[in-house]
Amino acid sequence: MKSSDAISARDLRKSFFVTERESGVGAALASLVRRRREEVTAVAGISFTLKPGEIVGFLGPNGAGKTTTLKMLSGLLHPSGGEVSVLGHVPWKREKAFLRQITLVMGQRNQLVWDIPAADSFELNRAIYRIPGSDFRSTVGELTELLELGPLLRKPVRNLSLGERMKCELAAALLHRPQVVFLDEPTIGLDVTMQRRIRGFIAQYNQRFGATVLLTSHYMADVEALCRRVIVIHHGRLLFDGELATLVDRFTAHKTIVVKLEDEQTDLRAYGEVISRQEGAVTLRVPREQTPRVTGRILADLPVIDLTVEDPPIEEVIERVFAGEAS
Amino acid sequence: MTGVQDVYRQQFKTTLASFIQYRASIFIWTIDRILEPLIYLVVWSAVARAAGGRVGGFDTSQFAAYFIVMMLVTQVTYTWVMYEYEYKIRHGSLSFALLRPIHPIHTDLVDNISSKLITLPLMLPAAAVLVALFKPAFSPPLWAAALFVPALLLAFAVKFVVEWTLALSAFWTTRVSAVNQAYFVAALFLSGQMAPLSLLPHWLQVAASLLPFRWMISFPVELLLGRLTVAQAVTGLGAQAAWLLLGLLLLRTVWRAGVRVYSAVGA
C-alpha cells in the first residue's frame, strides 16, 4: 500500500459460519444435539486501492460481497484475512480519529431519529462529532442548498417521503465532512428524478470537499453518471477493476448498428445478425472488431438514410460480466 | 462546555422531543410504576391486618412507608435497556452507533435519565397522594437520610451497569426475552420489590445480599426507613461500590467480546 492511497485492501477476506439444517421436525430435534455449521465465504480475497478524491462504483449482483466489503472498510466487520487500511487507519479498531473522518450511508437503513425533525438529529451529530459551531452552520447551509432541504428539516422524519428522508440521511451523514464516504445503495427505491438529484449531489460533494467515494448501486445510471472507474465483484472475487469504458470494451464482443434505408425491404443478413426490424430501422449485431468495416460496407453499398453504432446498454454488459461471458 | 456535556445536553433534548411524541405511552408506563407498589402495599396491609396488625416487623403504616419509598426508588433506578438491545442488534441500528466516535452507553444513559426527569412531575404528586391516603410511618435518623442520597445513586448505577451488561446477551442469543424473564422474576423477589426482604426465608435473604439485587433497590429503601445500623449502612455502601466496580469490569469485557462477535458474524 502506498501512503498516498485513501483506501487500500489487500487479499481481503471474510467468511461466516452459518448453522443450517433440513426442514422438518426430525431435523429440528437433531439440530438440538448437533448443529451443522457451514462456512460461507462472502469475500474471497480481493485487492484494490482508491486514491483520495476518487469516486468508484462497486458493482456486483446481490450476495456478491459488496456490503460485506463496505462494512469491513468502515470498521463494522472484522476481516477473516488480508489487510485493509482506510486513511492510514485499521478500520475495525474504530479509533475515534478514524470514525470522525468516514461515513457509511445505507439506503435501506436509517440513522435519523424517527420521531423528531432532522434538524434536531443534526444538532446531536454536531455534538457527537464535536463540529465547531461555525463549521456546523456553514455545512448545514451548504447541504441545505445542495439538497434543497429547507422546510424538510423542521418536519418529523417519519412524515417525510422516502426520497426526502434519504436527502436528510445523506446530509446527517456528511455534517462532519468525512473524507471517505461509503454509500451502499443510496438511491434504492427512489424515483428517477430523486435518483438524479442524489446523484448530482454526490458528484458535487465529491468536487467541493475532495472526498473519496465508494458507491454500490443496482442502478447503472448512478454508476455511469458518477464513476469513471468501477470495481466488479462476483461470488466474493474481483472480476474487474478499471475504467467503465474498458469494462464495456472487454466484456462486449458485439456492437449494434442501427440502419435506416430508403428501401425498407433490403436484406441485410449478409452484414450481420439481424436482431430487429422496426419502423424501417434494422438493428444488426456485429462482432466488435468488424464494426468499422461493416459500417463502411453498408455506407458504400446501400442508400442509407441514417446509421448509428452503439454499445449495448451497460446493464447488458454487467449481466455478461456476471454470467462470465467474457470474450 | 466540554464535548461530553454537549452530547448529553443534545441527547437530552432529542430524548425529550421523542418522548413528547409518545406522551400517552409514557403516561401509561408511569401509571404502571405507581400501581405495582400500590398493589403490593394494599395486599401486605391486608395481610398485616389479618395477622393482628403486624407481619414480620411491619405494621400497615410501615408497609405504606416501605412501598411508597420503594416507588420513588424504582423511579430513580428503572432502566429498559434489556428490552432495547435485542432490537438494536437484530435490526442493525447498533451498526450506526458503532460508527460514531462515542461509546453507545452514553446515549442509553442520557435516554434513561431524561425519561426519569420527564416522568418525575407525575410521580411526585402520586407519592404525595399515597402519603395522604396511607399515612406512612418512618423517622430515619439524620445520618441515614443523608446516606440515602449516595445509596440511591449507587443503586441506580449498579442496576444500570448490570442490566446494560445483561442486555448484551443479545450479541450471542436470539432468545433475549427468556434471559430477561429469568432476570426480572429473580429481581422481583430478591430486590425487595414484591415484599421487604426481611419477610423472605433466610436463605433467600442471603442470596439477595450476595447477588447485586438487594443493592439495586432494597438497600436504599431499608436505609431511609431507618431499619439499618450505621455498620450495616456502611457495609451496604461498600457492597454497592464493589458491585459497581465489578459490574463496570464485566461490562467492559462483555462489550468487547460482544462487539467482536457482532463484527465477526455480520453487523
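How each quantity is defined
Residues numbered from 1 in each chain as written. Chains lettered and ligands numbered in written order. Predicted model: local features only at pLDDT ≥ 70, side-chain atom pairs only at ≥ 80, totals over all residues. Helix = DSSP H or I, 4+ residues; strand = E, 2+ residues; numbered from the N terminus. Buried ≥ 20, exposed ≤ 12 C-beta atoms within 10 Å, placed from the backbone. Contact = placed C-beta atoms within 7 Å. Core = buried A, V, L, I, M, F, W, Y, C linked by C-beta atoms within 7 Å. Nonpolar A, V, L, I, M, F, W, Y, C, P; charged D, E, K, R; others polar. Domains from an automatic or database assignment. Axes fitted to C-alpha atoms, helices over the stretch in contact; angles between N-to-C directions. Parallel < 35°, antiparallel > 145°, perpendicular 65-115°, else oblique. Left-handed = near helix turned anticlockwise from the far one by under 90°. pLDDT = per-residue confidence, 0-100.

Trainee: Whenever I open this one, the overall build of chain A confuses me. Can you help?
Mentor: Regarding its fold elements, chain A presents eleven helices and 13 strands. Here chain A holds 327 residues, and 38% of them are scored as buried. A separation threshold of at least 6 residues defines the contact pool for chain A, and within that pool the share at least 24 residues apart is 71%.

Trainee: Sorry, what's going on with the nonpolar core here?
Mentor: One recurring pattern in soluble globular proteins is that nonpolar side chains are buried together. By size, the foremost hydrophobic cluster in this structure holds 77 residues, and its most contacted members are A:Ala171, A:Leu214 and A:Val230. Setting aside residues no more than four positions away along its own chain, A:Val230 makes contact with A:Val56, A:Gly57, A:Leu59, A:Val223, A:Leu244 and A:Leu247.

Trainee: What am I meant to see in the interface of chain B and chain A here?
Mentor: As a measure of interface size, the accessible area lost when the parts come together is often cited. On the chain A side, the residues contacting the 24 residues of chain B number 25 residues. Top element by residues in the side of chain B that touches chain A is helix H1 (residues 3-21) of chain B. It accounts for ten residues. Residue classes in the side of chain B that touches chain A are distributed as ten nonpolar, ten polar and four charged.

Trainee: Would you mind going over the domain arrangement of chain A with me for this structure?
Mentor: On domain assignment, one finds that chain A holds domain 1 (7-246) and domain 2 (253-310). Distance between the C-alpha centres of domain 1 of chain A and domain 2 of chain A: 43 Å.

Trainee: Help me out: how do you make sense of the packing of helix H3 (residues 60-77) of chain B against helix H10 (residues 213-224) of chain B in this one?
Mentor: Two numbers describe a pair of packed helices, the interaxial angle and the distance between the axes. Residues and elements named next belong to chain B. Packing of H3 against H10 leaves a shortest axis separation of 9 Å and a crossing angle of 135°. Considering their axes alone, H3 and H10 lie oblique with respect to each other. In terms of crossing hand, the pair formed by H3 and H10 is right-handed. Note on element contacts: H10 touches H3 through Met-216, Ile-217, Pro-220, Val-221 and Leu-224, opposite Tyr-66, Val-69, Met-70, Val-73, Thr-74 and Thr-77. Grouping the constituent residues of the contact of H3 with H10 by class yields nine nonpolar, two polar and no charged.

Trainee: Can you walk me through the environment of B:Leu98 in this structure?
Mentor: Summarising the element assignment, B:Leu98 is placed in helix H5 (residues 93-98). By the C-beta count within 10 Å, which is 17 here, B:Leu98 ends up partly exposed. Taking the C-alpha atoms as reference points, B:Leu98 and B:Ala264, separated by 166 residues in sequence, lie 14 Å from one another. For B:Leu98, the contacting residues outside a window of four places in its chain are A:Leu76, A:Arg94 and B:Val259.

Trainee: Help me understand the confidence of the model for chain B, please; the structure alone is not making it clear to me.
Mentor: Residues and elements named next belong to chain B. Averaged over all residues, the pLDDT of chain B is 92; the fraction at 70 or higher stands at 99%. For chain B, per-element mean pLDDT is lowest for helix H4 (residues 81-90), which scores 86, and highest for H10, which scores 97. Overall fold confidence for the complex sits at a pTM of 0.85, while the interface term, ipTM, reaches 0.85.

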